[in-house]
Amino acid sequence: MSERSSNSVAQSSLLRISLWRRFTDCFATSVAALTVVLVLLPLGAIFAYLVYRGIGSINWAFLTQTPKPVGEAGGGMANAIGGSVLILGIASLLGVPFGIGAGIYLAEYGRNRFGDIIRFTSDVLNGVPSIVIGIVAYSVVVLRQKHFSAVAGGFALAIMMVPTITRTTEEMLLLVPQSIREAAYGLGVPRWRTTLSITLRTATSGVITGVMLAFARVAGETAPLLFTAFGNQYWNLNVNQSTAALPLQIFTYAISPFDEWHRQAWAGALVLIVLIVGAVAAVRIAVRRGALAGANN
Amino acid sequence: MGVTIHVENLNAWYGKVQALHDINLKFEPNHATALIGPSGCGKSTFIRCLNRMHETIPEARVKGRVRIGELDAYNGTSATQLRRRVGMVFQKPNPFPSMSIYDNVASGLKLNGVRNRKQLDEVVERSLNASALWDEVKDQLHKQSGAGLSGGQQQRLCIARALAVEPEVLLMDEPCSALDPISTGKIEELIFQLKEQYTIVIVTHNMQQAARVAEFTGFFLLGKVIEFDKTEKIFTNPSNKRTEDYITGRFG
């Protein structure tokens, strides 16, 4: 008798616990969902507003023509689109190998004092204002060459890419379990080969994410280009000439007093965002295809 | 064919802590030798000295002599050369997650420069057959990632990967401790067949397993070999009191 009653008491308290748990579970899930919405809301709002303001001014001429003189309607940002692609290409060519190389060093060989110093400097570099990086590129490249150039702009952006790529590459390589490296050593694979063919390959998608983060960050930078690439109202793909870039063009047009230029600045911002999203998506798809192809041969 | 392993005055350290004290052992070719002993007694450290994996740990040191057949492991031989002749299977299955089953088995050869497709195909089939995995995976060699197999299959994949580089010695560091009894049974059967071609050294916590698969057994305690003898002798009539205590479960 007494056993039975204590049993039912236990049951009812279990029921209460389970109700309470279901409530807290539901509550925590809703809070998490709400924060996701709050994070995505500004992104969606910015993109929607850009489309609303910019889409009207995007047409074939905008994408293929260079700017018309002040006062004339029409013209476009073809020079800035081409220039941005050029400068970002140079930046990636310079920044990605250095960043990944430094990341490999830190993860595989940098468990020492020297590695700590590099980690610290890299984090400091990540926090240096972009305009300061522009001044560095100005004094290192522009002053020496005696003219503005796409190379100088690319150099400035590359410096900004390196710390992000270095640290994400390091983190991603450290996530690869030691047992995977040991498996390769156990087969008589030398250490350098293990790092390149096993560890780096296992971490590929994470490393690519780091590269794309760095790329997307510098793609929208204006300040480091002000006195390196400088800008150019004409079509130019010569890496030794001052070169237009979308962020620069947007900046110039946005602070101008002309309505036509304001409209074009909105359109330029929209093109810039589409270019960045497009590039990131294209790389992701290519990597996924490549990984599949790699597994298949 | 397997080769004889001679170990003379082997000492090993982790930083300042000495993990092995003056080990002298001889392993017979084409036999399996089991190493037993409580956790932390140095049996894993010992087995990792045989293929120079011990030195991959920062601040780890080794002193002494190890001969694998005619090869002097710590004198005039590079670690990579040695490891191609002394294969290893680890406690936790560790297939390369980014590679297909085929690439996992072929990895040892591919990463050492073998490109001949026909040769690779042959080696992959032979190794998977030898590890009794071929029939289960032959239709998905290229489609399935090595990490997508079950735990027992992954461990047999790792054995195939080790066999593909045609070693003379196979070191197994508790190869069944993460597996269920059925997979364990398969791997033990496998050890029986592999003995015909390799010298096998297996670390195990499972004394029944040692009794089942090994002709010789060594008992380690606190970094020393307490007793080394025929398995039968160790388990029925050990000459050292501490071996008897461990085997009968009085400690450890």
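To start, this report covers the structure provided alongside it. Because the structure is a prediction, the values reported are computed rather than measured. All chains use their own residue numbering, which begins from 1 and follows the written sequence. Whichever chain is written first becomes A and whichever ligand is written first becomes 1, with later ones labelled in order. A pLDDT threshold of at least 70 governs which residues receive local features in this predicted model, and a stricter bar of 80 or more applies before side-chain atom pairs are shown or counted, although totals over entire chains, interfaces and linings include all residues. Hydrogens are left out, water is left out, and the side-chain values use all remaining heavy atoms of the structure.

### Comments concerning the overall build of chain B
Piece 1. Segments assigned H or I by DSSP are reported as helices when at least four residues long, segments assigned E as strands when at least two residues long, and all are numbered from the N terminus. Secondary structure summary: chain B contains ten helices and ten strands in total.
Piece 2. Taken over the C-alpha trace, chain B has a radius of gyration of 18 Å; the compact-globule value for 252 residues is 18 Å, and the two agree within 12%.
Piece 3. By its C-alpha atoms, chain B is 55 × 40 × 30 Å across when sized along the principal axes.
Piece 4. Classification of the 252 residues of chain B by burial places 55% in the buried group.
Piece 5. Only the protein chains shown count as cover for residues, and all accessible areas are computed by the Shrake-Rupley method using a 1.4 Å probe. On chain B, roughly 10,800 Å² of surface is accessible, and the fraction owed to carbon and sulfur atoms is 48%.
Piece 6. Distance between charge centres in chain B, computed from 31 positive and 28 negative side chains, equals 5 Å. Computation of the radius of gyration draws on C-alpha atoms alone. For the globule rule, the value is 2.2 Å times the number of residues to the power 0.38. Buried, partly exposed and exposed residues are distinguished by accessible area as a fraction of the type maximum, computed with a 1.4 Å probe on protein chains only: under 20%, between the cut-offs, and over 50%, respectively. By the counting scheme adopted, Arg and Lys are positive, Glu and Asp are negative, and His together with the chain ends is not counted. Charge positions come from single atoms, namely NZ of Lys, CZ of Arg, CG of Asp or CD of Glu.

### Description of a nonpolar patch on the surface
All names here are of chain A.
Piece 1. Patch members must show over 30% relative accessible area and no salt bridge, and they are joined within 9 Å when carrying like charges or within 5 Å when they are nonpolar side chains of Val, Leu, Ile, Met, Phe, Trp or Tyr. Salt bridges are defined by distance alone: a side-chain nitrogen of Lys or Arg within 4 Å of a carboxyl oxygen of Asp or Glu. Together, Ile131, Val132, Ile135, Val136, Val140, Leu226, Phe251 and Ile255 make up a nonpolar patch on the protein surface, roughly 620 Å² of accessible area in all.
Piece 2. Here the element with the most residues in the nonpolar patch is helix α5 (residues 130-145); it accounts for five residues.
Piece 3. Position of valine 136 among the secondary structure elements: in helix α5.
Piece 4. Take valine 136: its relative accessible area is 38%, and that puts it in the partly exposed class.

### Thoughts on α5 of chain A
Residues and elements named next belong to chain A.
Piece 1. If you check α5, its first and last C-alpha atoms are 21 Å apart, about what 16 residues at 1.5 Å a residue would give, namely 22 Å.
Piece 2. In the structure, α5 departs most strongly from a straight axis at tyrosine 138, where the bend amounts to approximately 40°.
Piece 3. Listed as buried for α5 are Ser130, Ile133, Gly134, Ala137, Val141 and Val142.
Piece 4. Here the buried face of α5 lies against α4 (113-127), α6 (150-175) and α10 (223-226). Every helix has an expected span of 1.5 Å times one less than the residues it contains. Values of bend correspond, residue by residue, to the angle between axes fitted over the seven residues ending at that residue and the seven starting there. Here a residue-residue contact requires only that any non-hydrogen atoms of the pair lie within 4.5 Å.

### A few points about the sheet that holds strand β7 (residues 169-173) of chain B
To summarise the sheet geometry, strands pair through backbone hydrogen bonds and adopt either a parallel or an antiparallel arrangement.
Residues and elements named next belong to chain B.
Piece 1. Each pair of strands is called paired provided DSSP finds at least two bridges between the two strands. Strand order in this open sheet of six strands is β6-β7-β8-β3-β9-β10, and the pairing throughout is mixed. Only two strands of the sheet have a single neighbouring strand rather than two, namely β6 (86-89) and β10 (224-230). Each neighbouring strand pair of the sheet contributes to a mean axis angle of 15°, computed without reference to strand direction.
Piece 2. Bridge count between strand β3 (residues 32-36) and strand β9 (residues 216-221): four bridges; the pairing is parallel. Each bridged residue has a counterpart across the sheet, and for isoleucine 36 the counterpart in β9 is phenylalanine 219.
Piece 3. Every angle, taken between N-to-C directions, lies between 0 and 180 degrees, and every axis is a line fitted to C-alpha atoms, over only the stretch in contact when it is a helix. Across the sheet, helix α6 (residues 151-164) touches β6 and β7, and the angle it forms with β6 is around 170°.
Piece 4. Most of the contacts of helix α7 (residues 181-194) go to strand β8 (residues 199-203), to which it runs at about 150°, and overall it touches β3, β7 and β8.

### Side note on the pairing of β10 of chain B
All names here are of chain B.
Piece 1. Bridging between β9 and β10 involves six bridges; their strand directions are antiparallel. Residue pairing across strands places leucine 221 opposite lysine 224, the latter belonging to β10.
Piece 2. Where β9 hands over to β10, the hairpin turn is made up of two residues, of which leucine 222 adopts a positive phi near 50°.

### What about the sheet that holds strand β2 (residues 17-27) of chain B?
Residue and element names in this part refer to chain B.
Piece 1. In space, the four strands of this open sheet follow the order β2-β1-β4-β5, with antiparallel pairing throughout. Because the sheet does not close on itself, it has two edges, and the strands there are β2 and β5 (71-72).
Piece 2. Relative to strand β4 (residues 60-68), strand β1 (residues 5-14) runs antiparallel, the two being bridged by eight bridges. Its bridge partner lying in β4, isoleucine 5 is registered against isoleucine 68.

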